[in-house]
Amino acid sequence: MSFSSLGLSEQLVRATADQGYETPSPIQQQAIPAVLSGKDVMAAAQTGTGKTAGFTLPLLQRLAEKPRTGKGPRALILAPTRELAAQVHDSVHLYSRYVPTKAAVVFGGVKINPQMMKLRKGLDVLVATPGRLLDLYQQNAVRFDEVEILVLDEADRMLDMGFIRDIRKILGMLPAKRQNLLFSATFSNEIRSLAQGLLDNPVQVEVAARNTTAEKVKQSVYPVDQSQKTALLSKLVRDNNWEQVLVFTRTKHGANRLTQKLEKDGITAAAIHGNKSQGARTRALANFKAGEVRVLVATDIAARGLDIKQLPQVVNFELPNVPEDYVHRIGRTGRAGESGHALSLVSADEGKQLAGIEKLIKKQLPRREVEGFEPKNNLPLKPKAKADPSKARNSKPQGGKGRSFGPKPSGRNGGGRGRSGGQGGNRGQGGRSAQRTG
Ligand code: AMP
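Values in this document were obtained by computation on a predicted structure and should not be read as measured data.

Asks: What's the story with the overall build of the protein chain in this structure? I'm lost.
Replies: Tallying secondary structure elements over the protein chain gives 16 helices and 13 strands in all. The buried share of the protein chain, reckoned over its 438 residues, is 55%. Summarising the internal contacts of the protein chain: among those between residues at least 6 apart in sequence, 77% fall at separations of at least 24. Split by element, the accessible area of the protein chain, about 19300 Å² in all, is 47% carbon and sulfur.

Asks: Looking at this structure, I do not really get the pairing of strand β4 (residues 125-128). What am I missing?
Replies: Looking down a regular strand, the side chains alternate between one sheet face and the other. Taking every second residue as pointing to the same face, both faces of β4 are buried, with Val125 and Val127 on one and Leu126 and Ala128 on the other. Judged from the 4 bridges that link them, strand β2 (residues 75-78) and β4 form a sheet pairing that is parallel. The residue of β4 that forms the bridge with Ile77 is Val127. Strand direction decides the pairing type here: strand β3 (residues 103-106) and β4, joined by 4 bridges, are parallel. Paired with Val105 across the strands is Val127, a residue of β4. A crossover connection joins β3 to the parallel β4 through helix α5 (residues 113-121); in handedness this β-α-β unit is right-handed.

Asks: Teacher, can you tell me more about the packing of helix α6 (residues 130-138) against helix α8 (residues 164-173) here?
Replies: In helix packing, the relevant descriptors are the interaxial angle and the interaxial distance, both defined with respect to the helix axes. Following both chains from N to C, one finds α6 and α8 inclined at 45°, their axes separated by 9 Å at the closest point. Judged by the angle between their axes, α6 and α8 are oblique. Our pair here, α6 against α8, has a crossing hand that is left-handed. Facing Pro130, Gly131, Leu133, Leu134 and Tyr137 of α6, the residues of α8 in contact are Asp166, Ile167, Lys169, Ile170 and Met173. Considered class by class, the residues forming the contact of α6 with α8 number 7 nonpolar, 1 polar and 2 charged.

Asks: Looking at this structure, how should I read the sheet that holds strand β11 (residues 295-298)?
Replies: Pairing between sheet strands relies on hydrogen bonds along the backbone, with the strands arranged either parallel or antiparallel. Read from one edge to the other, the open sheet built from 6 strands follows the order β8-β13-β12-β9-β11-β10, with strand pairing classed as parallel. Strands with a single pairing partner mark the edges of an open sheet, and in this sheet they are β8 (217-223) and β10 (269-272). For this sheet, the mean inter-axis angle between neighbouring strands, taken without regard to orientation, is 20°. When strand β12 (residues 313-316) meets strand β13 (residues 340-346), the two strands line up parallel, connected through 4 bridges. Bridge pairing links Val315 to Leu343 in β13.

Asks: What should I look at first to understand the UniProt feature "domain: DEAD-box RNA helicase Q" (unreviewed entry) in the protein chain in this one?
Replies: The sites that UniProt annotates as "domain: DEAD-box RNA helicase Q" (unreviewed entry) are residues 1-29. Helix makes up 45% of residues 1-29 and strand 0%, and the two end C-alpha atoms of the span are 8 Å apart.

Asks: Please clarify how the packing of aromatic side chains should be interpreted in this entry.
Replies: Each aromatic ring pair is characterised by the separation of its centres together with the angle its planes make. Per the counting criterion, the structure on display carries 4 aromatic pairs. The interplanar angle of 5° and the centroid separation of 5.0 Å between the aromatic rings of Tyr137 and Phe144 together place this pair among those described as stacked. The exposure class of Tyr137 is partly exposed, given its relative accessible area of 30%. Three or more aromatic residues joined by ring pairs form one cluster here, namely Phe3, Tyr21 and Tyr95. The side chain of Arg14 reaches across the aromatic face of Tyr98, ending 4.1 Å from its centre. The cationic tip of Lys229 hangs over the ring face of Phe317; the distance from NZ or CZ to the ring centre is 5.8 Å.

Asks: Would you mind showing me how to read the nonpolar core here?
Replies: Nonpolar side chains in soluble globular proteins tend to end up buried together. Counting 38 residues, the largest nonpolar core has Leu76, Leu78, Leu126, Leu133, Leu152 and Leu182 as its most contacted members. Top element by residues in this core is helix α9 (residues 189-198). It accounts for 4 residues. Other than its neighbours up to four places away in sequence, Leu182 contacts Val41, Met42, Ala43, Leu152, Ala155, Phe187, Ile191, Leu194, Ala195, Leu198 and Leu199. Judged by nonpolar contacts, the second largest core, of 36 residues, contains Val41, Phe107, Val125 and Leu181.

What counts, and where the lines are drawn
Residues numbered from 1 in each chain as written. Predicted model: local features only at pLDDT ≥ 70, side-chain atom pairs only at ≥ 80, totals over all residues. Heavy atoms only, no water. Helix = DSSP H or I, 4+ residues; strand = E, 2+ residues; numbered from the N terminus. Buried < 20%, exposed > 50% of the residue type's maximum accessible area, 1.4 Å probe, protein only. Contact = heavy atoms within 4.5 Å. Areas by Shrake-Rupley, 256 points an atom, 1.4 Å probe, with all protein chains shown as cover. Pairing = 2+ DSSP bridges. Right-handed = clockwise from strand over helix to strand, strands pointing away. Axes fitted to C-alpha atoms, helices over the stretch in contact; angles between N-to-C directions. Parallel < 35°, antiparallel > 145°, perpendicular 65-115°, else oblique. Left-handed = near helix turned anticlockwise from the far one by under 90°. Nonpolar A, V, L, I, M, F, W, Y, C, P; charged D, E, K, R; others polar. UniProt positions renumbered as here; feature names shortened; annotations may be inferred. Phe/Tyr/Trp six-rings, centres within 6.5 Å; stacked < 30°, edge-to-face > 60°. Lys NZ or Arg CZ within 6 Å of the ring centre and 35° of its normal. Core = buried A, V, L, I, M, F, W, Y, C linked by side-chain atoms within 4.5 Å.

See the structure below:
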């Protein structure tokens, strides 16, 4: 299977070769021919699967088939966060180097005037976050009458962030005849209802079963008391000589606090979250990518769309309230076939979240304890009364046998204690928040 056998032009194939891609990823194998055929597409794809090239390459080819006559845009790509929008734009830029396509990106948090200037010059592909796009529309800086292709990227996250009204407004302004592509990591009822109104007889593309975590990612849980988490993280960074770790916290304040503590401890760290200016976020990411900062501390929303090649290590300093966010977080490691390690520092008060995650991903994560950091408060056991004996056999911790995702339990690190909330316990669904927290 090659990119050219999927029907892509020589120019686009050459651009993928420049990136070192040898074979199309599974999502690309399915999505590229579907998009080229002109049909609507509904794709279940997590980040890290190569989904961006999956829609960008065929979209560029369709645009290249006939030249632009007006100012455009002819393709509109909506993304939930500034970082993802910038990331997608970078991809469009890379893949379009041999075709005469012009692209731009617009998002909030930066001056609007330069964006207006870019739009005035005319372009083919516009990547945008919904809020800024509407601002630009209201100021007559962009028109939608030439839009032929619409892409909603990470649609689930756009809904989580409360963008549904903005999206519906934008949809109402687009020409009725167009191709629609919807990409989402998860398919809630809300997404399905959006898809129903948007897509016409779509080709359905699904690569990994819904909500399963990347097979290449080793996952483990480190039970530890809340008060010991920072010290344990410092120790793990040092003992393992981690040079690039992405650490997730639940809140912006938590991210700031942890960053300061790590810095005090002599470990270079930077925080990336929604209270930081766009410049500060871009700088933090650049320093992290350049290896000048060892630990990047991020909130969930800020981390969406971050593409850091071959990130070996992700740490959940706190578990997310929404189990699906765990899947997104660990999707930051083990990207595009690399192997990675995601570990979670879990304190007794997070038993409910852990149970929710293990239920969603349908496996128990191996536990490892670190000498000197054994928790005084153990993770709670699943209430016995609710146990289903027929299922109990399947829910053994995967510490040692079979398909293990974590390091084998060994001597002092314990492992496989299996004292988890287990499957079928509390879902730990903290309720999807519509706040823009990151
Ligand atoms: P995405 O899921 O679109 O965020 O892509 C994840 C990463 O995979 C990006 O760093 C891409 O550059 C990379 N990638 C995309 N397609 C391929 C491919 N066919 N082979 C190798 N890497 C790829």
